[in-house]
Amino acid sequence: MADDQHEEVSKKVSAEEEIRRGITVMRRVVQGRSRGIILDVYWNNQGQLIEPNGHTLTSFIGALVRNEIPITCDDWRNKELNESKEKIWSEIKRCFNIEEERRGFCMKLAGKLLRGFQTFLSSKFLKDADGNFVDAELPKKYESLISAEEWEAFKSKRQDPVFQRISATNRERASSPAYPYRKGRVGYGRLEQSMLQKEESSETSLPAHVLWKEARVGKSGVPQEEVLHVYQKCEELSQSLSPDDTKGILSRALDVPEYSGRVRGKGFGVTPTSLSIKKGKAPSNRELHARLEAMQAELDALRREREASASTVYRDASDKDSINCTFQPNIPEGISHCQLYLSSPYYRMVGKGKVHNVSGVLLHTRELPAGCLKVSVDIAVEPNAALPYPSDDSDATTVHEAVGSFVAWPTNLICVGYETPTKSKSKDNAIPRHTESTVSRKELQENEVSNASAQQKKEVSNASARVKSSGAKKTVARKKPTTKYRSCLRTFLEMTDIPTGGVRNVHMEVGIFGFDYDQMIGNEDFMQVFSHEEIGVTVVNTYIRFLYDKLMRPNGLDVSFGFLAPATVNLGLILSRPDTVTEYVLRILMDNKDAEKLFFIPFNTGGHWLLLAINPIREIVYYLDSLGNDWTTYPDMKVLIDTVLQAFRAQRDIQTSRRGANSITWIKVACPQQRNQIDCGYFMLRFMRDTLALGRLKIPTDYFEEFKCAFYTKDQVDEIKEEWCQFMIELNVCS
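Below is a summary of the structure that appears in this document.

What counts and what doesn't
- Residues numbered from 1 in each chain as written.
- Predicted model: local features only at pLDDT ≥ 70, side-chain atom pairs only at ≥ 80, totals over all residues.
- Heavy atoms only, no water.
- Phe/Tyr/Trp six-rings, centres within 6.5 Å; stacked < 30°, edge-to-face > 60°.
- Helix = DSSP H or I, 4+ residues; strand = E, 2+ residues; numbered from the N terminus.
- Buried < 20%, exposed > 50% of the residue type's maximum accessible area, 1.4 Å probe, protein only.
- Lys NZ or Arg CZ within 6 Å of the ring centre and 35° of its normal.
- 1 Å grid on protein atoms, 1.4 Å probe; cavity = no way out; pocket = protein on both sides within 12 Å on 5 of 7 lines; lining within 4 Å.
- Points joined across faces, edges and corners; volume = space filled by probe spheres on them.
- Nonpolar A, V, L, I, M, F, W, Y, C, P; charged D, E, K, R; others polar.
- Salt bridge = Lys/Arg side-chain N within 4 Å of Asp/Glu carboxyl O.
- Core = buried A, V, L, I, M, F, W, Y, C linked by side-chain atoms within 4.5 Å.
- Contact = heavy atoms within 4.5 Å.
- Axes fitted to C-alpha atoms, helices over the stretch in contact; angles between N-to-C directions.
- Parallel < 35°, antiparallel > 145°, perpendicular 65-115°, else oblique.
- Pairing = 2+ DSSP bridges.
- Expected span 1.5 Å × (residues − 1).

## As for the packing of aromatic side chains
The final tally for this structure, using the stated rule, is 24 aromatic pairs. With a centroid separation of 5.6 Å and an interplanar angle of 70°, the aromatic rings of F546 and F727 are classed as edge-to-face. Residue F546 is found in helix α21 (residues 537-552), and its partner F727 is found in helix α26 (residues 714-730); the two are separated by 181 residues along the sequence. With respect to class, F546 is no different from F727; both count as buried. Here F561 and F600 contribute two aromatic rings whose centre-to-centre distance is 5.8 Å and whose plane-to-plane angle is 5°, an arrangement assigned as stacked. Here F561, found in strand β12 (residues 561-563), pairs with F600, found in strand β13 (residues 598-604); they are 39 residues apart in sequence, far enough to count as distant. Accessibility assignment for this pair places F561 and F600 in one class, buried. One aromatic cluster is present, formed by F683, F687, Y703, F704 and Y712 through successive ring pairs. Positioned over the ring face of Y231 is K213, at 4.2 Å from the centre of the ring.

## Details of empty space enclosed by the protein
This structure, assessed with the given rule, holds 1 cavity of 30 Å³ or more. In this model, the largest cavity occupies a volume close to 40 Å³. Contributing to the lining of the largest cavity are V529, I535, V539, Y543, Y682, L685, I720, K721 and W724. Among the elements of the structure, α21, α25 (680-694) and α26 are those that each provide at least two residues to the lining of the largest cavity. The element that contributes the greatest number of residues to the lining of the largest cavity is α26, accounting for 3 residues. Here the lining of the largest cavity is built from residues that sort into 8 nonpolar, no polar and 1 charged.

## Observations regarding the pattern of salt bridges
Within the structure shown, the criterion is met by 34 salt bridges. Of the charged contacts, one joins D594 and K593 as a salt bridge, the two residues approaching to 3.4 Å between their closest N and O atoms. For D594, a relative accessible area of 71% gives the class exposed. Each of the salt bridges in this network shares a partner with another, and the network as a whole consists of R486, K714, D718, K721 and E722.

## Quick word on the nonpolar core
Ranked by internal contacts, the top residues of the largest apolar core, which has 91 residues, are F526, L612, Y703 and W724. Each residue touching Y703, except ones within four places of it in the same chain, is listed here: L624, V669, A670, C671, P672, R686, F687, D690, K708 and Y712. One finds I88, M107, L109 and A110 within the second-largest nonpolar core, a separate group that totals 28 residues.

## Focus on the packing of helix α7 (residues 148-159) against helix α8 (residues 161-174)
Packing of α7 against α8 leaves a shortest axis separation of 5 Å and a crossing angle of 65°. Taken together, the axes of α7 and α8 are roughly perpendicular relative to one another. Here K157, R158 and Q159 of α7 lie close against α8, whose contacting residues are P161, F163 and Q164. Partitioned by chemical class, the residues of the contact of α7 with α8 number 2 nonpolar, 2 polar and 2 charged.

## Some points on the pairing of strand β6 (residues 348-357)
For a regular strand, the rule is simple: side chains alternate between the two faces of the sheet. Taken across its 10 residues, β6 has 10 buried, putting it largely inside the fold. Sheet analysis places strand β5 (residues 334-342) next to β6, joined by 9 bridges and oriented antiparallel. In the strand pairing of β6, H337 is matched with K354. Bridge count for β6 against strand β7 (residues 372-380) is 6 bridges, and the pairing is antiparallel. Note that in β7 the partner of V355 across the bridge is V375.

## Some remarks on the sheet that holds strand β8 (residues 406-410)
Spatial strand order, β8-β7-β6-β5-β9: 5 strands in an open sheet with antiparallel pairing. For this open sheet the edge positions go to β8 and β9 (414-416), each flanked by a neighbour on one side alone. Averaged over all adjacent pairs, the angle separating strand axes in this sheet is 45°, with direction ignored.

## Concerning helix α23 (residues 578-591)
Across its 14 residues, α23 extends 20 Å between first and last C-alpha, which sits within 8% of the 20 Å expected from 1.5 Å per residue. Among all positions in α23, only V581, Y584, V585, L586, I588, L589 and M590 are buried.

## Details of the sheet that holds strand β15 (residues 620-624)
Strands belonging to one sheet form pairs held by backbone hydrogen bonds; the direction of such a pair is parallel or antiparallel. The 5 strands lie next to each other as β12-β13-β14-β15-β16, forming an open sheet whose pairing is mixed. Of all strands in the sheet, those bounded by a partner on one side alone are β12 and β16 (665-668). Shown here is a sheet whose adjacent strand axes are inclined to one another by a mean of 25°, direction ignored. Looking at chain direction, β15 and β16 are connected through 4 bridges and run parallel. The residue of β16 that forms the bridge with Y623 is K668.

As structure tokens, this is what we get:
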């Protein structure tokens, strides 16, 4: 009630009266600190700030932000702000009794308050009653916080046509919400606290739909009919759904699309992770000791079981015709480069390193388990894969944790000789391919530079000369990319609700993947590109939309090339729902059975992107893997693709001899190789773009001469990012 009265009074205060009120500096908090008074703050079980002192801390953070952060800041994640952020956090800890793990919440709240302050300045001083821009002078009230230069830069930014267009769109979208929030500055956390206190309830939280309804009740105390209708629908759903489904009650009642990371009816600071944490009584030392002993006994039993079954762990693979892995049970004596495989839950390569087949060798002063050899892990192809024999001395349990150390590995899951470079005999294909170029670790990079032979250097130099002299190459040459579109897109995002959980839709028409839908894109997808992280399926799909709009349709290539949806064709679905994948791929191929066409399949193995390019008429599958693996690493993938092509052949009534029934051709393309564990997605996108740029249905075994290289450079990877960002700007995803 007090907040509602305050709002009514504040509306009557003129600009001059607002100036006379002065700036909020929270003197009470600072003076209390001088007297040794440190305020306690409290949090609910979902990590939200509540009373007492919740409102005080929020106001104090706002005062610090206005004093330390310039109003021209457009990117809260800018590393140049780290010093100011550290100062803000230091001041908070000096005045409040707060845990270190609450820093993330406070910094997110600080960024939100900064954006609110910028919006206040713009609407209060730079707009008239009709919303038109006013070239106002710097308010005297804020002269101690804002310099004249900052104010001019701030005004200039608000006059920018792009900013004004985005601002108008957002203002229009927020002008008439279907279910407006009616509790002023009282957040969901403090509202929930007051409701529980009023009801004298022993519960620690309320259902999301109950809180959502109360947040939309105004002064009259009576909810609107629309709000009441949603609430009643939630009540009905809560009676019919199981307890595990209660988190989706509000979303089902509202009947709106959802996305990962969204929590409805809970407010700022609540995430799916915080909701899943169940806080209970801390276990006693006796209980912890008993658990530790039980876990140790279980670990010992697993080790004994592994040692007993090590000699038979790979026997199941021998009966599968589709697996042509070249595992070598007879490892040569000495130290050899090798690939490291696992057989469960499916057969795949998980790392690379060196095998030490030396008599009398020990592993950390212990004898090796039966059927194993000592290996040093250099590269983690699948970082989270569990080691067959966890290391006792280094506490390593995954391939990533074992990099740079020695572990035991079953002999029949070791394949030697991965470092051997492959060279074509013809003069025109004289570019060497080193599978070690996929490594980004310092040791292998230094070896690549210091131990490269003169002959290899000469071949690379000759290859570079051929690229420069080729007339066809000049037609696809591009200028060195900049970061202007990434910077511009990032600035636009900061003016929207996307950084705080908002999403946008990118329409994917039926011609792209064979079905029509809207691809939701959120902040985490943009950050993958901005921060050079591993890209997910959303970035891949939207870049495919770029290829479709910019390269395929304008040049008439949509009759020669097509795409299959990576969200439908991937290793996870092949293992869990192979019939669904088969039905989808076969449908797309049959819809295009009358003309020769090359279909791209961006294929995700669970932690790695590779590209399959299928010509179903000629029954050719091109395999492009920037890690240098071949298709035998993923036998389930090969079996499914072969099955689909055979079914496609049968439905077209193509007669073949018995010998030719299994004549599907798989071609491993010597494509550029990545040198770290992140670039696979960007390389895969470039493989598609290079192919479309040349418009050829046949991919040479040693890759296209126009784009041939040992690896893509940073500029070539950045070019993909810039194209994606420019396309997102053109689609107005920030509107």
